[in-house]
Amino acid sequence: MSSEKLNPVVRAAQVSKVVTGPGDGDGAKALTILHEVDLEIACGEAVAIIGPSGAGKSTLLSLLAGLDHPSTGHLELAGFSLNELDEDGRAAVRAGRVGFVFQSFQLIDGLTALENVALPLELNGIADAERRARAALVAVGLADRLAHRPRQLSGGEQQRVALARAFAGTPEILFADEPTGALDTATGEQVIDLLFALRDRHATTLVLVTHDPALAARCDRQYEIRAGRLRELASDTAGTATA
Ligand SMILES: Nc1ncnc2c1ncn2[C@@H]1O[C@H](COP(=O)(O)OP(=O)(O)O)[C@@H](O)[C@H]1O
Ligand SMILES: [Mg+2]
């Protein structure tokens, strides 16, 4: 496959992120955490971004998903140029198109599994939110845990609720930041299997940040980021590239 995507759903061109940190003496010092990143992801692809802690993976994912804005460079999401948009404009692009899964699940403690999945649908004005939330929880094997709160669920079960929440909105693109990072190997594998089954059912584009070689190997393409510099890994090194 050519690396030039005809209709990329996620595109970064020469994207850099510079933040201001404390300098050595007095005064602030500019810190470049992403250096001129180029990346294109086509509709339906599953792409992994791997790299050591602190390399800039979460920062890049936030930019690609329209949660943050770059210092320089151009970003496109689902065919929209993000550069000219403010936070409200980026939120409008994300709504109904983009789903998220995080390492720490990020469920709301005081809400049941059903309420956690239904809430974002309700906030997006979807009329049959509860019915859809229920169906999404059934699809992740949690039909008998609808009324349970996060604290009553295991880590793997909580991440399945988070998957249900993400896919209930039928996103075009799902961004996941170390979705198996807080789980043991066997539970992580179950979550990965479920993630790809849901991807197959909904034809979702996947952008995954991971330390997990098993997860990276399941993806169509892999990128590695080191000290804020991104490169695509050759396909013949896929799955062995996280050492
Ligand atoms: N807002 C910020 N201000 C200053 N430094 C930041 C900010 N966000 C991230 N960083 C730094 O940028 C680097 C990359 O962070 P991050 O994207 O979270 O890495 P990763 O997800 O690969 O572990 C780290 O050194 C982190 O401390
Ligand atoms: Mg991170």
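So, here is what we can say about the structure in this document. All figures in this text were calculated on a predicted structure; none of them were measured in a lab.

A few points about the pairing of strand E9 (residues 221–226)
On any regular strand, side chains alternate: one points to one face of the sheet, the next to the other face.
Here is step 1 of the chain: For E9, the tally of buried residues reaches five of six residues, placing the bulk of the element in the interior.
Here is step 2 of the chain: Pairing of strand E3 (residues 46–50) with E9, which is carried by four bridges, proceeds in the parallel orientation. By the bridge assignment for E9, Ile-49 is matched with Tyr-223.
Here is step 3 of the chain: Looking at chain direction, E9 and strand E10 (residues 229–232) are connected through four bridges and run antiparallel. Across the sheet, the residue bridging to Tyr-223 is Glu-232, located in E10.
Here is step 4 of the chain: With antiparallel pairing between neighbouring strands as the criterion, E9 and E10 make up a hairpin whose turn holds two residues, including Ala-227 at a positive phi of roughly 45 degrees.

Brief notes about the sheet that holds strand E1 (residues 8–22)
Here is step 1 of the chain: Read from one edge to the other, the open sheet built from four strands follows the order E2-E1-E4-E5, with strand pairing classed as antiparallel. Edge strands, defined here as strands with exactly one partner in the open sheet, are strand E2 (28–42) and strand E5 (80–81).
Here is step 2 of the chain: Judged from the five bridges that link them, E1 and strand E4 (residues 72–77) form a sheet pairing that is antiparallel. Looking at E4, one finds that Ala-13 is bridged to His-74.
Here is step 3 of the chain: Contacting E1, E2 and E4, helix H1 (residues 57–64) crosses the sheet at an angle of about 60 degrees to E2.

Analysis parameters
- Residues numbered from 1 in each chain as written.
- Chains lettered and ligands numbered in written order.
- Predicted model: local features only at pLDDT ≥ 70, side-chain atom pairs only at ≥ 80, totals over all residues.
- Heavy atoms only, no water.
- Buried < 20%, exposed > 50% of the residue type's maximum accessible area, 1.4 Å probe, protein only.
- Helix = DSSP H or I, 4+ residues; strand = E, 2+ residues; numbered from the N terminus.
- Pairing = 2+ DSSP bridges.
- Contact = heavy atoms within 4.5 Å.
- Axes fitted to C-alpha atoms, helices over the stretch in contact; angles between N-to-C directions.

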